[in-house]
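So the chains spell out like this:
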Amino acid sequence: QYCPSPFIKFRDSRFRPLPSALKNFARSRPPLACLGKRTLASEPLMSAARRLDMLGLFRAAPGNGVCSGISEPGSSRTLSVPTRVAEAGGLSAWNAQDGVRATGEMLARSVTANTVVEALAQVKAIMGLGHLLHAYAYMRALFERNADLYYATLLAAPSLLLPVVYTPTVGEACQKFGLLPLPSRGCYVSLKHKGRVLNVLREYAQSHCRKEADGTYGVDCIVFSDGGRILGLGDLGAWGMGIPIGKLDLYTVCAGVDPRRTIPVILDAGISDASGNTAKLDIKGHPFYTGSREARKMEKIKAGTQVNSEYYGEGGFVEEFMRAATVLFGKHVLLQFEDFNSNDAFPLLEALRGKFLAYNDDIQGTASVVVAGILGGLRICHPDSTDLIGLLKDEMFLFHGAGSANIGAASLLVSSAGVSPSRIYMTNSRGLIWRAASNNINSGTEGTFRTNEQKNFAQIGKPNWRCVELVDIIEAVKPSVLVGAVGRSPDCFDKKVVEALLRPKPANVWQQCWAPALAPKALPPPSTSNTNPFSTSTAASARPIMFALSNPKTQAEATAKDVYEWSGGRCIFGSGTSFEPVTVNGRTHAPGQVNNVYIFPGLSFGAAMCRASGLPDKIFLDAAEAVAQTLSEQDLAEDRVVPHLDRIREVGLNVATATVLGCQRLGLASRPLGTTAAEVREALRALMWTPALSDTSKSKL
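Keep in mind that this is a model prediction, so the values were computed, not measured.

What about the sheet that holds strand 7 (residues 358–360)?
Item 1. Strand order across the open sheet formed by 5 strands is 1-3-2-6-7, with parallel pairing between neighbours. The sheet is open, and its two edges are formed by strand 1 (187–190) and strand 7, each paired on a single side. Strand-to-strand twist in this sheet, taken as the mean axis angle between neighbours without regard to direction, amounts to 25 degrees.
Item 2. Pairing geometry for strand 2 (residues 221–225) and strand 3 (residues 262–268), over 5 bridges, is parallel. Bridge pairing links phenylalanine 224 to valine 265 in strand 3.
Item 3. The strands touched by helix 13 (residues 317–329) are strand 1, strand 2, strand 3, strand 6 (334–337) and strand 7; relative to strand 2, the strand with the most contacts, the crossing angle is about 165 degrees.

Quick notes on the nonpolar core
One broad trend across soluble globular proteins is that nonpolar side chains are buried collectively.
Item 1. Membership of the largest hydrophobic core comes to 187 residues, with the highest contact counts inside it found for Ile222, Phe224 and Leu392.
Item 2. Among the elements that line this core, the one with the most residues is helix 15 (residues 361–381), at 10 residues.
Item 3. If we skip the residues at most four places from it in the chain, phenylalanine 224 touches Val265, Leu267, Val318, Phe321, Met322, Leu335, Gln336, Phe337, Glu338 and Phe340.

Considering the sheet that holds strand 13 (residues 481–484)
Item 1. With mixed pairing, the 7 strands of this open sheet are ordered in space as 10-9-8-13-14-15-18. Strands with a single pairing partner mark the edges of an open sheet, and in this sheet they are strand 10 (431–432) and strand 18 (592–593).

As for the layout of surface pockets
Item 1. In this structure, the second largest pocket spans a volume of roughly 510 Å³.
Item 2. Every residue lining the second largest pocket is counted, 24 residues in all, and those nearest its centre are Ser159, Ser578, Phe579, Glu580 and Leu645.
Item 3. Listing elements by their share of the lining of the second largest pocket, those giving two or more residues are helix 9 (158–165) and strand 18.
Item 4. No other element matches helix 9, which puts 4 residues into the lining of the second largest pocket.
Item 5. Looking at side-chain class alone, the lining of the second largest pocket contains 14 nonpolar, 7 polar and 3 charged residues.

Looking at the packing of aromatic side chains
Item 1. The final tally for this structure, using the stated rule, is 17 aromatic pairs.
Item 2. Grouping aromatic residues by their ring pairs yields a cluster made of Phe224, Tyr311, Tyr312, Phe321, Phe337 and Phe340.
Item 3. Directly above the aromatic system of phenylalanine 143 lies the positively charged group of arginine 140, at a separation of 5.2 Å from the ring centroid.
Item 4. One Lys or Arg, lysine 553, reaches over the ring of phenylalanine 579 and ends 5.1 Å from the middle of that ring.

Observations concerning the packing of helix 6 (residues 116–127) against helix 9
Item 1. Packing of helix 6 against helix 9 brings their axes to within 12 Å, and their N-to-C directions diverge by 60 degrees. With respect to each other, helix 6 and helix 9 are oriented oblique. As for the relative orientation of helix 6 and helix 9, their crossing is left-handed in sense. Residues Leu120, Val123, Lys124 and Met127 of helix 6 lie in contact with helix 9, whose contacting residues are Leu160, Leu161 and Val164.
Item 2. Along the lines of polarity and charge, the residues of the contact of helix 6 with helix 9 split into 6 nonpolar, no polar and 1 charged.

About the criteria used
- Residues numbered from 1 in each chain as written.
- Predicted model: local features only at pLDDT ≥ 70, side-chain atom pairs only at ≥ 80, totals over all residues.
- Heavy atoms only, no water.
- Pairing = 2+ DSSP bridges.
- Helix = DSSP H or I, 4+ residues; strand = E, 2+ residues; numbered from the N terminus.
- Axes fitted to C-alpha atoms, helices over the stretch in contact; angles between N-to-C directions.
- Contact = heavy atoms within 4.5 Å.
- Core = buried A, V, L, I, M, F, W, Y, C linked by side-chain atoms within 4.5 Å.
- Buried < 20%, exposed > 50% of the residue type's maximum accessible area, 1.4 Å probe, protein only.
- 1 Å grid on protein atoms, 1.4 Å probe; cavity = no way out; pocket = protein on both sides within 12 Å on 5 of 7 lines; lining within 4 Å.
- Points joined across faces, edges and corners; volume = space filled by probe spheres on them.
- Nonpolar A, V, L, I, M, F, W, Y, C, P; charged D, E, K, R; others polar.
- Phe/Tyr/Trp six-rings, centres within 6.5 Å; stacked < 30°, edge-to-face > 60°.
- Lys NZ or Arg CZ within 6 Å of the ring centre and 35° of its normal.
- Parallel < 35°, antiparallel > 145°, perpendicular 65-115°, else oblique.
- Left-handed = near helix turned anticlockwise from the far one by under 90°.

Structure below.
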C-alpha cells in the first residue's frame, strides 16, 4: 500500500517519481505535519516526496528546496554526512540497504498516532514488552513523522519518557545506532575535512537552517562530541550521534530551546577497536558502522596520558570547528562539549572556554548537578536553612573515581562554594590519591595521581594507613558525602561500604590516620552560621549523602534498594540512572536521579537568550542552587535530592533565570532580560518554544 507501481524503481537513485503518481500519493495520505509555529513547505508534490523518502524509497533530486529546519529526508548532502554514508551514495542509499530498509519501513508503519493521547498509548504498549530500546526506536520514528507531536508527547509524560529517549536507553541505542535508519538530523565533521570545516558546516546549515537578517544562520545551540567516551560505554565513534541528538531534545523539552535553532554534531576523528569500549563490541568492523574506520591519532604527553594529537596546536581540529561555528552562526552561539575522553576533555575546555561561549557538560554540567544534589540532601536535613551554600563548608567529601564528573564537582566546590581542599578526598584505580609533600604542586612525580587534574585534589603526603580499599578509606576519613562516578566498577558500594559510612568515628580521626610529619594542614573550624548535624563526628554519620552516578544502570555503584535497606533508610541516596522508590520501615524513599538534565537545558537556554559572552564557574553554582531551591515539600518528604522529573520545565526555567541573573551580574549578558528575578523569568517564559499542536493543552507545559 506504500509502494504503488509508479514507484517500484525508486530504490535506484537515478529514477524520479512520476508527477501524476506523486499527486495520487499526496491525496491518499495525510500531510506531513509542519514543525513549530511557522508554516513550512506544504505543496502536495513536495510533501509526498518527503513521505516517500522517509520510507527509504527514493532520493530527492539535489536542490529541491525542502528544509524542515530539523529533519531533511530528501537531503543531497555529501560533506556533512558520515564518511561511509557518503561513500555509499548518501542517506537514502544507506537507508535502502538490506538490514536497515526493513527496519525503517516497519517503524514508519508502526507510528500511526495523530494526538498526544494516541502516541502515549502506542509507546506505553511497546514499553510493556519490557525492552526500552523498542520504545526508543518508536520515538525516533515519531519524530520523523511529526516532530511537534514527538515533543508534545515528551512534555506530556517527562518522567516516563525521558529515560526512553535519553539515559539510560540512549546508551544501548548508540551501541546499535547503525542498525536503525540513519536520520538526516545531525552534522558529521570528518577529520579528512580538516582545513575545510567551514564548508561542512555551511552545507548542513544550507540544508537545515534559516538565515537571520544579518546574514548568519539562525542557530542558538550546538552539542558536539567525538564519540570517544559515550556515557560509561567507551568509544562508540560516529554511532555516538545519539547523544547530541538526545541532548538537544532535552534542551527543548526541559527548557524550551527552539529545536529548529540547534545542531547535533559528531567530530569524526576515527574510532578504537573493540578494546576501546566496555562491551568489547567490534563497532569499527561492523558492516553498518557509519563513520571513518581510521584509528584515532593518539600520542602520549609529558603527564603520561594519551590524547588525540589532532586536537591541539596550531590549526587544531576542535578549535577549527568552533571557530567555523562562530563565523556561520555568530559569536554568541553556545557550543557544548559532550562525551570526549577525559584526557582530552580537560585540556580542551581549559584552552577554549575563554575564546567561545562554551562549556563541557561532562565536567561542568555534571559538577553542577552533583552539587545541586548535595545541596538537595542538605536541604532535606536542614529544611529551614537560608544558606545552603554555606552548609557545604562543614561537609567531608569523598569522591570515588577521578574522572571528569568527580573532578568537576570537586573543582566547583573549591572554586565557587568556598570548600577547603583539605575537606575533599578522591580515589582512582590506585586507591586514595596523594602526592609527596612539596611547596610546589607542579613539581614532583611521587604519588598515586595520574593526571594534573587529579594532582590538584591529591592529599599531601603518603598516608600511614591502608588507603587502597574503599572501606579502609571511609573508615579513616569518615566522609559525610560519598560520590561514586567510577564507570567501570558496578556494585562497588556494597554493604560493607554502607556500614562503614554509617559507623561513627572520633572527631579527630584524620589526625590519627596521618604520619605527623606528613599530616595535611589543619582543617578550618566548623561554620558557626548554622547548626549542621554533619559538623560533629557523631551526627556526621546520622544521614550521610551517597550518590551512585555511573550510567547505564548496569554500571551503577549501587542500587537504591540495597542502599536504603542496608542503611535502614538513613542514607540520602541519589543516582545517575533512574531507580524505583523503596519502602523501608514503613517510609517511602524516592531516589533522585542526579542527572545533568536538571542543569544543561536551562543553563544553555538562559545563556543563549541573554547572548552571554562566557560561562564562569560561578554560573554553574548559581544553577545548582536554583535546582535545590525548586524542591517541593513532597520531594523533601520522600528524600528526593532533585525535583520530580514531571516538574522539569519548572526546573529549567528556574535554572535559566539564575543563569541570566548571574550573567547580568557579572557583566556577561549582551541582551538584558530584566532587573529582577520575576522580570527575567517572565521574559524567558515568553521565549520558550512549544510544539504547535491543537491538543498540547493536555501536556504538562
